[in-house]
Amino acid sequence: MKHIVAAALLGMALGAPGWCSAQEFAEYQNIPDGFKIDFPGAPKVTPITWKSEHGFMLPARVYSADRGRERYVVTVVDYSGLEQMGIERAKSCPAGAEPCLGSDIAGVGYWKHDVRGAVLFATARMLKGNVTLDELTWQQEDLVEGHQVQVTNKADGSRTFAFIGMHQMKLYVVEGTVPKGYPPPALFQTSLGWVDKDGRGIRYQTMY
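To keep things clear, this report deals only with the structure shown in the data block. (Residues numbered from 1 in each chain as written. Predicted model: local features only at pLDDT ≥ 70, side-chain atom pairs only at ≥ 80, totals over all residues. Heavy atoms only, no water.)

1. Here's the deal with the overall build of the protein chain
Keep this limit in mind: The helix and strand labels rest on DSSP assignments: H or I over at least four residues marks a helix, E over at least two residues marks a strand, and numbering proceeds from the N terminus. Burial classes follow relative accessibility: with a 1.4 Å probe on protein chains only, a residue under 20% of its type's maximum area counts as buried, one over 50% as exposed, and anything between as partly exposed. In this description, contact between two residues means that some pair of their heavy atoms is separated by no more than 4.5 Å. The accessible surface values rely on the Shrake-Rupley method and a 1.4 Å probe; as for residues, cover is taken only from the protein chains in view.
Tallying secondary structure elements over the protein chain gives 6 helices and 11 strands in all. The buried share of the protein chain, taken over its 208 residues, is 45%. Taking the contacts inside the protein chain whose residues are at least 6 apart along the sequence as the reference set, 55% of them involve residues at least 24 apart. A total of about 10700 Å² of accessible surface is found on the protein chain, and carbon and sulfur atoms cover 55% of it.

2. Focus: the nonpolar core
As a reminder of what qualifies: Residue types Ala, Val, Leu, Ile, Met, Phe, Trp, Tyr and Cys, when buried and joined through side-chain atoms within 4.5 Å, form a set referred to as a nonpolar core.
By size, the foremost hydrophobic cluster in this structure holds 21 residues, and its most contacted members are Trp50, Tyr79, Ile164 and Leu171. For this core, the elements supplying multiple residues, two or more each, are β4 (57-67), α4 (111-116), α5 (118-127), β7 (144-153), β8 (159-167) and β9 (170-178). The greatest single-element share of this core, amounting to 4 residues, is contributed by α5. For Tyr79, the contacting residues outside a window of four places in its chain are Trp50, Ser52, Leu58, Asp114, Val115, Ala118, Met166, Met169 and Leu171.

3. Describing the sheet that holds strand β1 (residues 26-30)
The test is simple: For two strands to be treated as a pair, DSSP must find at least two bridges joining them.
Taken together, the 4 strands give an open sheet; going across it, the order is β1-β2-β10-β11, and neighbouring strands pair in antiparallel fashion. Looking at the sheet topology across the chains shown, the edges are occupied by β1 and β11 (201-202). Pairing between β1 and strand β2 (residues 35-39): 5 bridges, direction antiparallel. Across the sheet, residue Asn30 finds its bridge partner in β2, namely Phe35.

4. Some details on the packing of aromatic side chains
Quick note on the threshold: Two rings from Phe, Tyr or Trp (for Trp, the six-membered ring) form a pair when their centres are within 6.5 Å of each other. A pair whose planes differ by under 30 degrees is stacked, one over 60 is edge-to-face, and the rest are tilted. A ring is scored as having a charge over it whenever the NZ atom of a lysine or the CZ atom of an arginine sits within 6 Å of its centre and within 35 degrees of its normal.
For the structure on display, the rule yields 10 aromatic pairs. Considering the side-chain rings of Phe39 and Phe188, the 5.4 Å spacing of their centres and the 55° angle between planes classify their relative orientation as tilted. Within this pair, whereas Phe39 is found in strand β2, its partner Phe188 is found in helix α6 (residues 186-190), the two being separated by 149 residues in sequence. Where Tyr204 meets Tyr208, the ring centres are 5.1 Å apart and the plane angle is 40°; that geometry is what we call tilted. Members of the aromatic cluster, connected to one another through ring pairs, are Phe25, Tyr28, Phe35, Phe39, Tyr63, Tyr72, Tyr172, Phe188 and Trp194. When the ring centre of Phe56 is taken as reference, the NZ or CZ atom of Arg89 above it lies at 3.7 Å. The ring of Trp50 has Arg125 sitting right over it, with the charged end atom 3.8 Å from the ring centre.

So, in structure tokens, the structure goes:
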């Protein structure tokens, strides 16, 4: 992450096109989805359905805001109801079907495996587009671990910088996309944090 911040600061110093100063961003907090982040204006909230690795249809919300040609998006997928979905799926399974028998390791309908693989699944999904992978590393945001992904769009050269992590049974896909030649969206990425049900910031002492 340090090299992203350094590159962004250098871009600001050089007057790179499209740079958004810190004053143009403001903290946005969402208590139901448990996160806070700096957006360039109030984000649009769009409910969607997310298809998980094992085919469960999960409720999700997309928070998005544009700043000129830049785009900032947080997708939050709720995995909390997955166990019950697995139980419901088992009711219509053929007798003795292995995926629906369940186990301590896999869970009914593989729901436990689905949660374990959520970050990797979302990362792979991002890489299936018309993009070139620039970087894929382990990362943490406020001590919640996940993947840092950087890709370049083959069609227009725009770059997307993303963090993908799992926190309290919710998947977070945080993407900042900037045109070719623009500095990385460092302010957006590094401002990601977590809040509890009362809106208080969460800061772990060890890695989550």
